[in-house]
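# Summary of structural features
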Amino acid sequence: MPRPFLFGTNFKMNQTPAESARFYEELTRSVEPPPGVGLFVIPPFTSLAAVMDRRPPGGGGPWVGAQNMHWESEGAYTGEISAPMLLALGVDLVLLGHAERRGHGQETDETLNKKLLAAAAARLRVLFCVGETAAEKGYGVGPETVARQLKIGLHGLDEEFLPRLQIAYEPVWSIGAGGTPAAPGDVAPIAAHLRATLAARFGPAGSDVPILYGGSVTPANAAGFVRLPDVDGLFVGRAAWTVDGYRDVLAAALVARVASRR
Ligand code: PGA
């Protein structure tokens, strides 16, 4: 079976519950993804309940994700959110290992492994981010860095979890307003290395895990990434924070994707 094409955005620390709910409702009303295409939206925790209220009756609509979670299910962890809390809201997905959380020192490969194990036990979908810093790129250790993040993050997980796993390759140097947009030529070898690392770890089922690209994606550069054979979707920040922007990047990606897979 061909891998699905996944597309979504993370609002980071932006938007009130009302703004996120309006975004989700308008997106759901105005975008009908073709077969084999999955959409998702990752608002801040405070918006999750309001967004879930806009879910079309009977489910459907883009997946809704949380930006983080703790590995314990409850306890003395002020300010944290657990998997059972996310499940109680009905969210589909949890984002783990975003560079902005790794970078502030709140996440290590080891704590991310605990979170992935907890998410797998809760049967939550996971969007797991990996990516090298500018310094690591400069030393030529990008492939080793992402493989290490992947291997430690997925340590102890078995094949049964794979249908609920998606990886986002997000080079730290390309993310956000201060980032340098990557070229497809930067992304192709790392995506291929991630695919090979997954296959070496899990066998053929590892090759089916979707790998998304993220970092300064825009309607103008989306096509170059989705044409790459190991890229199965896009994880977009700023360019998709309006419904028009989300639709524009998605449209550019789908046109290029269809043309390249003919
Ligand atoms: P950006 O964010 O598209 O605004 O660079 C991407 C991300 O942080 O996931």
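Residues numbered from 1 in each chain as written. Predicted model: local features only at pLDDT ≥ 70, side-chain atom pairs only at ≥ 80, totals over all residues. Heavy atoms only, no water.

### Thoughts on the site of the ligand
Near the ligand you find Lys-12, His-98, Glu-170, Ile-175, Gly-176, Gly-215, Ser-216, Val-217, Gly-237 and Arg-238, and these make up its full shell. One of the side-chain N or O atoms of Lys-12 is found 2.6 Å from an oxygen atom in the ligand. A distance of 2.8 Å separates an oxygen atom of the ligand from a polar backbone atom of Gly-176. Across the complex, the protein chains shield 99% of the 280 Å² of accessible surface that the ligand would expose by itself. (Near = heavy atom within 4 Å. Polar contact = N/O pair within 3.5 Å; in protein donor to acceptor, adjacent residues only side chain to side chain. Areas by Shrake-Rupley, 256 points an atom, 1.4 Å probe, with all protein chains shown as cover.)

### Some remarks on the packing of helix α5 (residues 109-121) against helix α7 (residues 142-153)
Angle between the axes and distance between the axes are the two parameters that describe a pair of packed helices. Running from N to C, α5 and α7 cross one another at 45°; their axes reach a closest spacing of 8 Å. Here α5 is positioned oblique relative to α7, judged by the angle of their axes. In contact with Asp-109, Glu-110, Asn-113 and Leu-116 of α5, α7 contributes Arg-148, Gln-149, Ile-152 and Gly-153. For the contact of α5 with α7, the class distribution of residues is two nonpolar, three polar and three charged. (Axes fitted to C-alpha atoms, helices over the stretch in contact; angles between N-to-C directions. Helix = DSSP H or I, 4+ residues; strand = E, 2+ residues; numbered from the N terminus. Parallel < 35°, antiparallel > 145°, perpendicular 65-115°, else oblique. Contact = heavy atoms within 4.5 Å. Nonpolar A, V, L, I, M, F, W, Y, C, P; charged D, E, K, R; others polar.)

### Description of the nonpolar core
As a rule of thumb, soluble globular proteins bury nonpolar side chains together. If you look at the biggest cluster of nonpolar residues, it comprises 67 residues, and the most contacted ones within it are Phe-128, Leu-165, Ile-167 and Leu-234. With seven residues, helix α10 (residues 243-261) is the single largest residue contributor to this core. Leu-165 has contacts with Leu-116, Val-126, Phe-128, Leu-154, Val-209 and Pro-210, leaving out every residue within four places of it along the chain. Formed by ten residues, the second largest nonpolar core is a distinct cluster that contains Leu-93, Leu-127, Ala-168 and Phe-235. (Core = buried A, V, L, I, M, F, W, Y, C linked by side-chain atoms within 4.5 Å. Buried < 20%, exposed > 50% of the residue type's maximum accessible area, 1.4 Å probe, protein only.)

### Comments concerning the environment of Ala-121
If you trace the backbone, Ala-121 turns up in helix α5. The spatial distance from the C-alpha of Ala-121 to the C-alpha of Phe-161 is 8.8 Å, given a sequence separation of 40 residues.

### Overview of α5
The terminal C-alpha atoms of α5 lie 18 Å apart, and with 13 residues this matches the ideal 18 Å at 1.5 Å per residue to within 8%. Those residues of α5 lying buried are Asp-109, Thr-111, Leu-112, Asn-113, Lys-115, Leu-116, Ala-118, Ala-119 and Ala-120. Close packing links the buried residues of α5 with β4 (93-96), α4 (99-103), β5 (125-130), α7 and β6 (165-169). Just beyond α5, the residue with positive phi is Arg-123, at close to 60°. (Expected span 1.5 Å × (residues − 1).)

### Regarding the sheet that holds strand β1 (residues 5-10)
If you walk around this closed barrel you meet the eight strands as β1-β2-β3-β4-β5-β6-β7-β8, and the pairing is parallel. Between one strand axis and the next, the sheet turns by 25° as a mean value, whatever way the strands run. Looking at chain direction, strand β7 (residues 211-214) and strand β8 (residues 233-236) are connected through two bridges and run parallel. Each bridged residue has a counterpart across the sheet, and for Tyr-213 the counterpart in β8 is Leu-234. In the packing of α7 onto the sheet, contacts are made with β5 and β6, and the angle to β5 comes to roughly 150°. (Pairing = 2+ DSSP bridges.)

Remember, this is a structural readout, not a statement about activity or role.
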